[in-house]
Amino acid sequence: MIGGNDCTSTVNDELKMSNFFDVVEKRRSIRKYKDIEIPDEHITRMLEAARLAPSTNNTQSWRYIVVKDPDTIRLLSLVAGRQKFIENSKAVIIATANRAASCCPNNASMWHVQDTMIATEHLVLAATALGYGSCWVAMLDSRNSQNIAEVKQALRIPETVDVVALVTLGVPDEIPSSRFTKELNEIAFSEAYGFSWNT
Ligand SMILES: Cc1cc2nc3c(=O)[nH]c(=O)nc-3n(C[C@H](O)[C@H](O)[C@H](O)COP(=O)(O)O)c2cc1C
């Protein structure tokens with residue numbers, strides 16, 4: 001566990017963990033949550049993990065909005081393609097990327113978005129380490145969607161800031177079934193593409 005304090009008693013003890021590889025292996029997308037609040041201290045720990053992520057030229061263009069208000073969470077659920085489970089999360093963290101803070105805002109590589117995605121995975125792993133379930137929800141093409149415009153207006157997100165993703169959070173109330181994962185030799189190569197990395 002990375003964030004020991006009194007509030008941790010609300011979280012499933014079995015899920016608390018400190019070993020990096022345990023955290024990576026245990027992380028799953030969780031879409032069902034118990035009716036238990038998340039202490040702000042824990043959300044702060046997650047945000048701190050995001051804050052320490054690497055970024056292009058150290059631009060740190062990620063910006064996070066923590067949403068707990070049920071009406072706003074309902075709006076987010078709607079905008080994210082009416083994914084009902086979002087409404088039951090105890091908090092939603094909106095990951096946004098500040099184009100204006102990017103070193104090269106017009107670069108096709110969208111570095112500010114790449115940076116934000118890396119930092120957001122830090123946040124997701126920190127949530128796992130603290131015993132919370134999370135689910136990454138895609139919010140791509142944020143500049144073209146009418147619904148996203150509504151969210152941006154409601155949450156006062158400036159025009160120069162792109163909405164990258166939502167992360168739902170809560171104490172897990174499900175054990176997800178095992179999912180298909182590719183073998184290492186399908187995704188890792190040695191010296192040239194297609195030559196499997198064999199250990
Ligand atoms: C970029 C991205 C977008 C995703 N969008 C959604 C989404 O909109 N709704 C959802 O329920 N899960 C979403 N997921 C979660 C994936 O479905 C999930 O990671 C995948 O099925 C593997 O399962 P696991 O996370 O439990 O390992 C998203 C994941 C990523 C990385």
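Residues numbered from 1 in each chain as written. Predicted model: local features only at pLDDT ≥ 70, side-chain atom pairs only at ≥ 80, totals over all residues. Heavy atoms only, no water.

### What to know about the overall build of the chain
And then number 1: If you tally the helices and strands in the chain, you get six helices and four strands.
And then number 2: Mapped from its N terminus to its C terminus, the chain presents α and β elements in the order α-α-β-α-β-α-β-α-β-α.
And then number 3: Taken over 199 residues, the chain has a buried fraction of 42%.
And then number 4: Within the chain, residue pairs in contact and separated by at least 24 positions form 77% of the contacts whose partners lie at least 6 positions apart.
And then number 5: Per element, the accessible surface of the chain, about 11,400 Å² overall, is 50% carbon and sulfur. (Helix = DSSP H or I, 4+ residues; strand = E, 2+ residues; numbered from the N terminus. Buried < 20%, exposed > 50% of the residue type's maximum accessible area, 1.4 Å probe, protein only. Contact = heavy atoms within 4.5 Å. Areas by Shrake-Rupley, 256 points an atom, 1.4 Å probe, with all protein chains shown as cover.)

### A few points about the packing of aromatic side chains
And then number 1: Within the structure shown, the criterion is met by two aromatic pairs.
And then number 2: Ring geometry for Phe20 versus Phe21: centroids 5.2 Å apart, planes at 80°, classification edge-to-face.
And then number 3: Note on Phe21: relative accessible area 57%, which makes it exposed.
And then number 4: In this structure, Arg31 is placed above the aromatic ring of Phe85, and the distance from its NZ or CZ to the ring centre is 6.0 Å. (Phe/Tyr/Trp six-rings, centres within 6.5 Å; stacked < 30°, edge-to-face > 60°. Lys NZ or Arg CZ within 6 Å of the ring centre and 35° of its normal.)

### Considering the nonpolar core
And then number 1: Ranked by size, the top nonpolar core spans 21 residues in total, and within it Ile38, Met46, Tyr64, Leu123, Tyr132 and Leu169 carry the most contacts.
And then number 2: Contributing elements (two or more residues each) for this core: α2 (40-51), β1 (62-67), β2 (91-98), α4 (111-129) and β4 (161-170).
And then number 3: It is α4 that provides the largest number of residues to this core, a total of five residues.
And then number 4: When near neighbours in sequence (up to four residues on either side) are disregarded, Leu169 contacts Tyr33, Ile38, Met46, Ser89, Lys90, Ala91, Ile93, Ala127, Gly133 and Ser134. (Core = buried A, V, L, I, M, F, W, Y, C linked by side-chain atoms within 4.5 Å.)

### Looking at the site of the ligand
And then number 1: As a structural note, the neighbourhood of the ligand is formed by Arg27, Arg28, Ser29, Arg31, Gln83, Phe85, Cys135, Trp136, Val137, Ala138 and Arg179.
And then number 2: One of the side-chain nitrogen or oxygen atoms of Arg27 is found 2.9 Å away from an oxygen atom of the ligand.
And then number 3: In the model, an oxygen atom of the ligand is placed 2.7 Å from a nitrogen or oxygen of the Arg31 side chain.
And then number 4: The protein chains hide 61% of the 620 Å² of surface that the ligand would expose on its own.
And then number 5: The class makeup of the residues in the shell around the ligand is five nonpolar, two polar and four charged. (Near = heavy atom within 4 Å. Polar contact = N/O pair within 3.5 Å; in protein donor to acceptor, adjacent residues only side chain to side chain. Nonpolar A, V, L, I, M, F, W, Y, C, P; charged D, E, K, R; others polar.)

### Here's the deal with unusual backbone geometry
And then number 1: Located in the positive-phi region is Asn58, a residue other than glycine, with phi close to 55°.
And then number 2: Mapped onto the elements, Asn58 comes out in the loop between α2 and β1.
And then number 3: What makes Asn58 exposed here is its relative accessible area of 52%.
And then number 4: Positive phi outside glycine occurs at Glu191, with the angle close to 70°.

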